[in-house]
Amino acid sequence: MTRTSTRKIPVALGDRSYEVMVGSGLLARSGQLLADHFGRARVAVVTDENVAAHHLGTVIESLGDRCRGSIVLPPGEQTKSFARLDELCDRLLALGVERGDVIVALGGGVIGDLTGFAAAILRRGVRFVQIPTSLLAQVDSSVGGKTGINTAHGKNLVGAFHQPALVLADIDTLATLPARQMRAGYAEVVKYGLLGDLAFFERLEQGWRPVFGNDPAAIAAAVETSVAAKAAVVARDETEQGDRMLLNLGHTFGHALEAWAGYSDRLLHGEAVAIGMAQAFRFSEAEGLCAPGMAERVARHLADVGLPTVIADISGADRPAVATLLALMAQDKKVRDGQMTFILLRGIGQSFVSRDVTPDAVEKFLQRELKLPASGNRERQARR
Ligand code: GLY
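Residues numbered from 1 in each chain as written. Predicted model: local features only at pLDDT ≥ 70, side-chain atom pairs only at ≥ 80, totals over all residues. Heavy atoms only, no water.

## Some remarks on helix α8 (residues 216-236)
Part 1 of the reasoning: Between its terminal C-alpha atoms α8 stretches 30 Å, which fits the 30 Å expected from 21 residues at 1.5 Å a residue.
Part 2 of the reasoning: Measuring from the backbone nitrogen of Ala217 back to the side-chain oxygen at the start of α8 gives 2.9 Å, which picks out Asp215 as the cap. (Helix = DSSP H or I, 4+ residues; strand = E, 2+ residues; numbered from the N terminus. Expected span 1.5 Å × (residues − 1). Polar contact = N/O pair within 3.5 Å; in protein donor to acceptor, adjacent residues only side chain to side chain.)

In structure tokens, the structure reads:
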């Protein structure tokens, strides 16, 4: 995958503003790019075993003698734990990381969230750079400064807002991404169209195939539009007091399903968001908020790319009880005074925050959802 031009998207946050660079060949230029931004600051790199096998050598070589060393952690959600945070801080200090240094998070959302949190607390705050290597991390988790770890009570319940000082989204890294991970990341791309940009959703509807066909122009356009949308929201509402909640479209339903599935391979985060977004549209339609047919249109596009859209699409024979899902939704970080927050829709591209949804309406909706048949996309996917 080659593409010569690099687009710089600003995240405007006053004296904590930074750029997201989207382009090709950025890993191989990371040494120069970090020198341009941080002068002679020394660098420590954190990554996981899978990403290290593909990309760590390129970054280390490019950083040259400004690199203090690298830390390679096990892949997977389990790594976002207090134990690994403790280990990571200890190993960063053992590498001699100082307050003026830069810590690089090279990897997907797990590495970005954990490393960002370590950077937030190490020596009371060290600058960090996100080099996201998954589509999901490039379009969502690497931008906006949410960092943290999971606890026994749920995902991301301990963390901090700590903005990166630079994000390098190298679209070449997506060539090594498994197809399922690519689809899961694509759900977050679609999210930006659904929550606020009908024209973008329509472009995706018409032109999604090249995104999955290693077409650099199509991939760069999808990443750039997504990052620009996220940057605009984060600049308006860094700490999620209002508009930033819209980025959680599909997440209230989706998180509950993800938790029920045990954050396992059964249901990736992006897959849960895909089901959750389809559900947000079906719920909005059922409540008379958006015109009939919208939910079907959205689900059709998600299913076309091979994403699940209903609970019955989740692998395995067991299904969640409605009471279980309701209890899991009550754990949502957006719950205020016991009232659940939902991101609902008046149409494609017209999302809004609602605190008026009654538990009774959600319960009846989930009862109907559990009766919906599988969308059949898994069979279609298997034939590809
Ligand atoms: N992933 C949602 C946010 O960053 O606010």
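There is more to say, and it comes next.
## A word on the nonpolar core
Part 1 of the reasoning: If you look at the biggest cluster of nonpolar residues, it comprises 54 residues, and the most contacted ones within it are Val20, Leu135, Tyr186 and Leu194.
Part 2 of the reasoning: Sorting elements by how many residues they give to this core places α8 first, with nine residues.
Part 3 of the reasoning: Look past the residues within four positions of Tyr186 in its chain and what remains in contact with it is Leu135, Leu204, Trp208, Val211, Phe212, His301, Val305 and Leu307.
Part 4 of the reasoning: In this structure, Ala272, Ile311, Ala361 and Val362 belong to the second largest nonpolar core, which totals 24 residues. (Core = buried A, V, L, I, M, F, W, Y, C linked by side-chain atoms within 4.5 Å. Buried < 20%, exposed > 50% of the residue type's maximum accessible area, 1.4 Å probe, protein only. Contact = heavy atoms within 4.5 Å.)

## Topic: the pattern of salt bridges
Part 1 of the reasoning: If you walk through the whole model with that rule in mind, you get 23 salt bridges.
Part 2 of the reasoning: The shortest N-O distance in the salt bridge between Glu369 and Arg282 comes to 2.8 Å. Of this pair, Glu369 sits in helix α13 (residues 359-369) while Arg282 sits in helix α10 (residues 269-286), and the two are 87 residues apart along the sequence.
Part 3 of the reasoning: On the accessibility criterion, Arg282 (17% relative accessible area) is buried.
Part 4 of the reasoning: Connected via shared salt-bridge partners are Glu77, Lys80, Asp113, Lys155 and Glu258. (Salt bridge = Lys/Arg side-chain N within 4 Å of Asp/Glu carboxyl O.)

## A look at the packing of helix α3 (residues 82-94) against helix α4 (residues 109-121)
The relative placement of two packed helices is expressed as an angle between their axes plus a distance between the axes.
Part 1 of the reasoning: Close contact between α3 and α4 brings their axes to 10 Å; oriented N to C, the two are set at 60 degrees. Of the possible angle classes, the one that applies to α3 and α4 is oblique. Read as a crossing pair, α3 and α4 show a hand that is right-handed. Packed against α3, whose contacting residues are Arg84, Leu85, Leu88, Cys89 and Leu92, the element α4 presents Leu114, Thr115, Phe117, Ala118 and Ile121 at the interface.
Part 2 of the reasoning: Broken down by class, the residue content of the contact of α3 with α4 amounts to eight nonpolar, one polar and one charged. (Axes fitted to C-alpha atoms, helices over the stretch in contact; angles between N-to-C directions. Parallel < 35°, antiparallel > 145°, perpendicular 65-115°, else oblique. Left-handed = near helix turned anticlockwise from the far one by under 90°. Nonpolar A, V, L, I, M, F, W, Y, C, P; charged D, E, K, R; others polar.)

## Considerations on the sheet that holds strand β9 (residues 166-170)
Part 1 of the reasoning: Strands sit in the order β1-β2-β9-β6-β5-β3-β4 across an open sheet of seven strands; the sheet is mixed. Taken across any chain shown, the strands that pair with only one partner, and hence form the sheet edges, are β1 (7-11) and β4 (67-73). Taken over all neighbouring pairs, the strand axes of this sheet differ in orientation by 15 degrees on average, direction set aside.
Part 2 of the reasoning: Relative to β9, strand β2 (residues 18-23) runs parallel, the two sharing four bridges. Of the residues in β9, the one forming a bridge with Val22 is Ala169.
Part 3 of the reasoning: Those strands touched by α3 are β3 (43-48), β4 and β5 (102-107), and its axis lies near 160 degrees from that of β4.
Part 4 of the reasoning: Contacting β1 and β2, α8 runs over the sheet at an angle of about 15 degrees to β1. (Pairing = 2+ DSSP bridges.)

## Brief notes about the side chain of Thr341
Part 1 of the reasoning: By secondary structure assignment, the location of Thr341 is in the loop between α12 (322-329) and β10 (342-347).
Part 2 of the reasoning: On the basis of relative accessibility, which here comes to 2%, the residue Thr341 falls in the buried class.
Part 3 of the reasoning: Polar contacts involving the side chain of Thr341 include one to the side chain of Arg355, which spans 3.2 Å.

## Regarding helix α7 (residues 198-207)
Part 1 of the reasoning: What α7 keeps buried is the set Phe200, Phe201 and Leu204. For α7, the angular spread of buried residues about the axis comes to 100 degrees, placing them on one side.
Part 2 of the reasoning: On its buried face, α7 is in contact with α6 (179-196), α8 and α11 (294-304). (Arc of directions from axis to C-beta.)

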